[in-house]
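What the coordinates show
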Amino acid sequence: MRRVWAAVVLFAAVILLCVSGSVYTAYAAQTLLEQTTAIRQFVYEENYADAQELAEEAERQWIFRSRIFCGYVSHAQLETADKELASLKVSLEAEQLVAAAREYKGGICLPA
């Protein structure tokens with residue numbers, strides 16, 4: 001009888017682990033999605049400093065949470081999200097250069 005109860009407890013622990021992992025993954029993915037939406041809004045408003053800060057925070061969270069995502073999200077989806085977040089920083093820098101070029105009225109503005 002003890003073996004049956006041990007099996008039931010072990011089964012419940014595994015189910016709890018799977019459900020909590022799925023819930024946490026959904027929460028973390030939603031948080032990252034909200035951050036990317038906020039970054040797009042900052043870029044739309046030409047608030048590049050806040051967009052850059054939020055992009056760096058999103059990248060830190062991605063690095064921290066990607067270990068957990070590996071267990072619950074397919075590799076293709078992880079790779080797509082990783083590429084998108086990696087290119088986000090470069091896109092923001094390009095947007096900042098374009099904005100600086102618009103403000104510069106004397107000709108071509110080259111970064112130092």
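Residues numbered from 1 in each chain as written. Predicted model: local features only at pLDDT ≥ 70, side-chain atom pairs only at ≥ 80, totals over all residues. Heavy atoms only, no water.

A short note on helix α1 (residues 2-44)
Taking 1.5 Å as the rise per residue, α1 with 43 residues should run 63 Å; its terminal C-alpha atoms sit 63 Å apart, in good agreement. Gly21, Thr25, Ala28, Thr31, Leu32, Gln35, Thr36, Ile39 and Val43 are the residues of α1 that are buried. Directly beyond the C-terminal end of α1, a positive phi value near 60° is found at Glu46. (Helix = DSSP H or I, 4+ residues; strand = E, 2+ residues; numbered from the N terminus. Expected span 1.5 Å × (residues − 1). Buried < 20%, exposed > 50% of the residue type's maximum accessible area, 1.4 Å probe, protein only.)

Description of the nonpolar core
Generally speaking, a soluble globular protein has its nonpolar side chains buried in company with each other. Residues Ile39, Val43, Trp62, Phe69 and Leu92 are the most contacted members of the largest nonpolar core, which totals 16 residues. Those elements giving two or more residues to this core turn out to be α1, α2 (48-69) and α3 (75-103). If one sorts the elements of this core by residue count, α2 sits on top with seven residues. Here Ile39 is in contact with Ala51, Leu54, Ala55, Leu88 and Leu92, once residues within four sequence places are set aside. (Core = buried A, V, L, I, M, F, W, Y, C linked by side-chain atoms within 4.5 Å. Contact = heavy atoms within 4.5 Å.)

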